[in-house]
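Examination of the molecular architecture
Each chain, written out:
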Amino acid sequence: MLVGRDVEWGRVVGVLAGARDGRSGGLVLRGEAGIGKSSLLARAVADAETHGMLIVRGMGVESETELPFGGLHQMLYPFADRFDGLPGQQAAALRSAFGLDDTGAAPDRFLIGAATLTLLSELAGERPMLCAVDDAQWLDQASADALFFAARRLGAADPIAMVFAVRDSARPFPTPGLDVLRLGGLDRDAARELLAAHAPALTVPIRDRLLDEAGGNPLALIELASVLAQGDADPAAPQVGPLPVGGGVQEAFRLQLAGLPEAARLMLLVVAADSTSDVGVVLRAAAELGLDAADLGPAEEARLVVLAGDEVRFRHPLIRAVTYQDAAHHQRMAVHGALAATLAGDEHADRRAWHLAAAATGPDERVAAELEQAAHRAGRRGGTSAVAAAYERAARLSTDREGKARRIVHAARAAYDAGRPDRATRLAAEAATLTAEPAVAAEAAFVRAQVEYERTSPAADAALALEGAELIAASDPERAVSMLTESLWCARDACAHDLVRRGVDKLRTVRLPPGSAPAPVVGALIAYGDLIEGRVAEALPPMRALVAAARAGTVQELVERVIAGYMGLLAGDDEAAIDVLESLVADARGQGALGWLPYALEPLAIGRLLSADFRGAEADLADGLSLAADIGQDMQATVLEGVAARLETVIGDPDRCRTLAFRVLDHADRHPTNAALATWGLGLLDLAVGNAGGAVRHLAAVCSGPARHDLLIRAVPDLVEAAVRGGRDDLARDHLPAFQAWAEHAATPTATALSLRCQALMAGDETAADHYAASLDLSKGHAYDTARTRLLYGEWLRRHRRRTEARDQLSRSRDAFGRLGAAAWADRASTELEVLGDRPVARPHDADLHNRLTPQELQVVRLAAAGYSNREIGSQLYLSPRTVGHHLYKAFPKIGVTRRAELSRLEL
C-alpha cells in the first residue's frame, strides 16, 4: 500500500489507462533517494500485470554506466527473436548494439533509438505495454538515449506507457521532452501513518523526533525506525536527547553495515563492485581475497542482500552505493583486481578492462591498451558515450605524453558524436595542450569547431576548422579538405566573407593525391568565393558541375550532397537541387543517418518553397523541426524556423510568421543568412497586404545585406515590386542589375521569367505588356510565380482601363492563389477585382488535396501512394507502424479515398 501518494498515483494511473485505451504516454518520476519512486513504479508494474499488460522492465546499475547498451540489452534482448521482423537497418543496428553482429559499420546512435521504438511498437501490437525503468539515472548513456528517443517519438495510437524513475544526484541526468512528476516528502499525517504501520512500538518523543528529521522521506522513516527498534532493548521506553543517527537514509544503512563482521563487509564490497550479480563470479573473486561463501551469511541475515538462484542482489540500490562509497580506497582496488582476475574470456573483456583500470595504482600502458580495445568494441556497436569514457580512462593510464594526447582527442571526438559538447570541448582543449603532433592538434581544433557551431556561432566553427586545416594541409590533405569544407560552409552561414576568402585561398593550395577526393566539391567551394564577390559567370559552372556529379551518383559523402543541393539552389536549378536532396533524404533515412536529416531537409524545404510545392515544404519543415528537437540540434531548429517563417508568408498565419521571424532574428548575429531569410519573409508579408513602406524597409535590408549574393539574390524581384509600389524606383534600379546578371547566367525559365517581370515593372507603358506576357510564357510550370505575375499584370491592365483583360488575369491569379493556399495574396487579387466591380465569390475551401492534410499526414500519404508499407514508412519517418496507420486512418476521409490502392490515382 502506498501511503500519502494518492495524487502521484493518479498521474501514473492516467498513463497506464491511456496505454490500455490505445494512447501512448511517458512519465519521469523524479526525487531524492528513498522518496518513493521505486514503490510507485512497483505498484505500476503490479497494476499493469493485473490488467494483462506486457511488462518490459529495466534497471540502471551504477557500475555499468560505462558499458554500452547494457540497460537496453537487459530490456530488449529477451525479444531478440523479433529482430528479424524489423526494417533491415534497424534490425542490424540492434544486433550490432547487442554484440550479435560486428560485421557492419557502426550504427548511428539515433538509428538504435528508432529500432527501439519500432520493436516496442511491434510488441505492443499484441497487448498494451508498460515499459518501466528504475534507477534510470544509472543507465548507460547509449541505452538512455535510445529509450528517451523512443518515448518522445511514440505516436498517439501506440498503446505504450513508459515510466522512468530517476534519483536526484550530483550526476546530471536530463530527460528532455518527457513529462516529469517530482515527488516531495510525505506530509506529517501520512508520515505518521507510515510509521504506525512499520514501527508501532516507538515512543511518541522518538516518533516525533523521527518525523522532524526524516523530512517526510518514506525510506528514511522505515529504515531509521528499524535501526532504532533493533538498537533498543525496550523500544517503548522514554528517551531524551538526540537520536543516535542522522536523518538520512544512507545513515540508516551505514549503521546496519557497521554491525557486520569485517569479512562480511568485504564480501559485500565484492558484490557492490561486480555488475553481473552472478554468485559464481562473486565467490571466485572472494576466494582471491581469502573469503568464502559463509562470509556472505551475516549480510543475508541482516536483509542487506537477497540470494535468488544464481544471483545475489542488494535489497536496495542505496545499500550498494553506501557499501562501495564508504570502503577504503585500497580495499576497492583489491576487490577490482580480484574481479579482473576472475572475469576471464572474451565475453568479459570490457568488464575486465574496467576492473583493471579501477585496480591500477598509476599509469599502466597494458591496462590503457585494454581500455583502448574496449573503446574499439564499443565503437563497432555504436556506443559513442562508452567510447569516450574508455578512451579518456585509457589516456589517464597512458605512460607517454603523445599517447595520452592521442587518446584524449579520440575521447573528445566520441563525446561530440555522443551529443556531449561540454565534455568534448574540455577534452579537446586538454589534448591541444599536451601534443606537439599537428594531426592531434588539428583534430582537437576540429572537435572544438563543431561544438562551437551550436554553442557560439557558425563563424566560431569556421575559424577553428580553418585553424585545424592549416595545421595538416601538407601532411594530411584529405582531412584538411574535410575541415575546409566545414569551415567554408559555416562561414557561408555566418556571412563571414573574410573567412570564406581565407578558406578558399587555403583550398586552392591543398594538393590532393589523384582520385582521393571528389574534385567537383572542391571546385564548387572555390566557386562560392567567386559568388560572394559578385562574379556570377565564374561561379555558376563549377556549382552546376557538382550538382551534375551528385545526380550521377559520383558524390557519396552526405555533407557533400547537402552542399550539392544548396549549390543547385544558388545556381537557380531548383529541379536538379530537389532531385539531389530527395535522393539524399531517402538514403539518409535508409541508412539510419538520422542526425543528418534536419540538415538535408533544410535545403529540400527551401527548394520546394521556391518551386511552389508549399505543402511539401511544410511537411519537410515539420519533420526536420521535430527531429532537431528530439536529438538536441538547437541551432538547426532555429535555422529551420527561419525557413518556416519564409513559408508562413505564403500559406500560413501572419502572426505565426512574425513570431517565428522575430525568434530567428534574436539570433541574427549568430546566423545572418538565416536571419535574412526570415526578414525576406517579413517583407513578403508586408507586400502581400499592400504595405509597400514596410516591404521596402525589410527587403532593402535583405538585398543590401551580407547575404545578398547568396540565396537572397532571389529576393530582388520582391524588392523591385515593393520599391515601384512605394515610389522608390531608385532602389529598384540599384539592385536589379545584380539579379539580372544572376538570372542571365542561371539561364532557367524561372529566373528569366522573374527578370522579365522586373523589367515590366520598370518599363514604360509601351513595353510593359510585352514583358509581362513573355514572363507568363516562361513561368507556366511555376504556379506561384505565374499567379504573382498575373496579379501585377492585371493591376497594370486595370490602371490602363483594359478591364476585360484585367479581370481575366486577376481572376486566374486569385484562383491560383486559392489553390495554393496563399490567402493573403488571394485577398489582394480579390480586392483588385472588387475595384473592377466584381462581387466576392464564395470559393470551395481547400480544393487542393494537399491543403486538407497536416504536414505529417501528407508525408505518410505520399509514401503510401508510392507503395511503401506502414512498417517501411515508419522506418523512413522514425514513427511506429501503428502511428503511420493512425495518420492514414485520419487522412483517407479528408482526401476522399477508402482504400490504399486509390492513392496512386491522386496527384500528391
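Here, every reference points to the structure presented above.
Note that the structure is a prediction, hence the values are computed from the model and not measured. (Residues numbered from 1 in each chain as written. Predicted model: local features only at pLDDT ≥ 70, side-chain atom pairs only at ≥ 80, totals over all residues. Heavy atoms only, no water.)

**What about the overall build of the protein chain?**
Convention followed: Numbered from the N terminus, helices here are DSSP runs of H or I no shorter than four residues, and strands are runs of E no shorter than two. Note on exposure labels: buried denotes an accessible area under 20% of the residue type's maximum, exposed denotes more than 50%, and partly exposed covers the range between, all computed with a 1.4 Å probe on protein chains only. The contact criterion used throughout is that any non-hydrogen atoms of two residues lie within 4.5 Å. To measure how exposed things are, a 1.4 Å probe is used in the Shrake-Rupley method; for residues, cover is taken only from the protein chains shown. Positive: Lys, Arg. Negative: Asp, Glu. His and the chain ends are not part of the count. The location of each charge is read from NZ of Lys, CZ of Arg, CG of Asp or CD of Glu.
When helices and strands are counted, the protein chain shows 44 helices and 7 strands. Principal-axis analysis of the C-alpha atoms gives the protein chain an extent of 110 × 65 × 55 Å. Within the protein chain, buried positions represent 56% of all 908 residues. Of all intrachain contacts in the protein chain linking residues separated by at least 6 positions in sequence, the fraction that spans at least 24 positions is 68%. When the accessible area of the protein chain is evaluated, it comes to approximately 35600 Å², of which 51% is carbon and sulfur surface. The averaged location of the 121 negative side-chain charges in the protein chain is 4 Å from the averaged location of its 97 positive side-chain charges.

**Observations concerning empty space enclosed by the protein**
Inclusion rule: Points on a 1 Å grid, built from protein atoms alone, make a cavity when a 1.4 Å probe fits but cannot get out and make a pocket when they are open with protein on both sides within 12 Å along at least 5 of 7 lines; residues with an atom within 4 Å of a point are the lining residues. Grid points are joined across faces, edges and corners, and a volume is the space filled by probe spheres set on the points. Charged residues are taken to be Asp, Glu, Lys and Arg, nonpolar residues to be Ala, Val, Leu, Ile, Met, Phe, Trp, Tyr, Cys and Pro, and polar residues to be all remaining types, Gly included.
What the rule picks out here adds up to 6 cavities of 30 Å³ or more. Its volume calculated, the largest cavity comes out at about 180 Å³. Along the walls of the largest cavity sit 15 residues, with Leu610, Arg646, Arg714, Leu754 and Asp785 positioned nearest its centre. Its residues placed into classes, the lining of the largest cavity shows 7 nonpolar, 2 polar and 6 charged.

**Points about the side chain of aspartate 620**
Stated formally: Distance and chemistry together define a polar contact, namely a pair of N or O atoms within 3.5 Å, with one atom able to donate a hydrogen and the other to accept it when in protein, and with adjacent residues in sequence counting only for side-chain atoms on both sides.
Within the fold, aspartate 620 resides in helix H30 (residues 614–630). Within polar-contact distance, the side chain of aspartate 620 engages the side chain of arginine 608 at 2.6 Å. Those residues in contact with aspartate 620, other than ones at most four positions away along the chain, are Leu601, Leu604, Ala605, Arg608 and Gln859.

**Thoughts on the layout of surface pockets**
Where empty space is left becomes clear once a probe the size of a water molecule has been rolled over the atoms. Considering only enclosed or pocket space, the second largest pocket measures out at about 1100 Å³ in volume. Forming the walls of the second largest pocket are 43 residues, and the residues nearest its centre are Ser38, Ser39, Asp134, His316 and Pro317. Of all the secondary-structure elements, those providing two or more residues to the lining of the second largest pocket are helix H2 (37–50), strand E2 (54–59), strand E3 (129–134), helix H7 (188–198), helix H9 (218–231), strand E7 (311–314) and helix H14 (317–326). Among the elements that take part in the lining of the second largest pocket, H2 stands out by supplying 6 residues, more than any other. The residue inventory of the lining of the second largest pocket, partitioned by class, reads 20 nonpolar, 10 polar and 13 charged.

**Focus on helix H42 (residues 855–865)**
Of all the positions in H42, only Glu857, Leu858, Gln859, Val860, Val861, Leu863 and Ala864 are classed as buried. On its buried face, H42 sits against helix H28 (574–591), H30, helix H43 (870–877) and helix H44 (881–895). Count one or two residues on from H42 and you reach glycine 867, which has phi positive near 100 degrees.

**Brief notes about the nonpolar core**
Selection criterion: The set of buried Ala, Val, Leu, Ile, Met, Phe, Trp, Tyr and Cys residues whose side-chain atoms join them within 4.5 Å is what this entry labels a nonpolar core.
With 135 residues, the main nonpolar core has Met543, Met567, Phe614, Trp680 and Trp825 as its most contacted residues. In terms of residues, this core owes the most to one element, helix H31 (residues 634–651), which gives 10 residues. Counting residues in each nonpolar core, the second largest holds 52 residues, with Leu202, Ile206, Ala220 and Ile319 among its members.

**Here we look at the side chain of aspartate 274**
For aspartate 274, the location among the structural elements is in the loop between helix H11 (262–273) and helix H12 (279–288). Among all residues touching aspartate 274, those that are not within four sequence positions of it are Ser63, Val281, Val282, Arg320 and Leu339.

**Quick word on helix H38 (residues 765–778)**
Defined as follows: Taken from the helix axis, the directions to the C-beta atoms give the arc we talk about.
The set of residues buried in H38 consists of Ala768, Ala769, Tyr772, Ser775 and Leu776. Taken down its axis, H38 places every buried residue within 130 degrees of arc, on the same side. Structural note: H38 exposes Glu766, Asp770 and Asp777 on the side pointing more than 90 degrees away from its buried face. Along its buried surface, H38 packs onto helix H37 (749–762), helix H39 (783–799) and helix H40 (803–820).

**So, the sheet that holds E3**
What counts, and what does not: At least two bridges found by DSSP between two strands is the condition for calling them paired. To obtain an axis, a line is fitted to C-alpha atoms, over the contacting stretch when the element is a helix, and the angle between two such axes runs from 0 to 180 degrees between their N-to-C directions.
Taken together, the 5 strands give an open sheet; going across it, the order is E2-E3-E4-E1-E5, and neighbouring strands pair in parallel fashion. Each edge of the open sheet is held by one strand with a lone partner, namely E2 and strand E5 (179–182). This sheet shows a mean twist of 15 degrees between the axes of neighbouring strands, independent of strand direction. As paired elements, strand E1 (residues 25–31) and strand E4 (residues 160–167) share 7 bridges and run parallel to each other. The residue bridging arginine 30 from the neighbouring strand is valine 166, located in E4.

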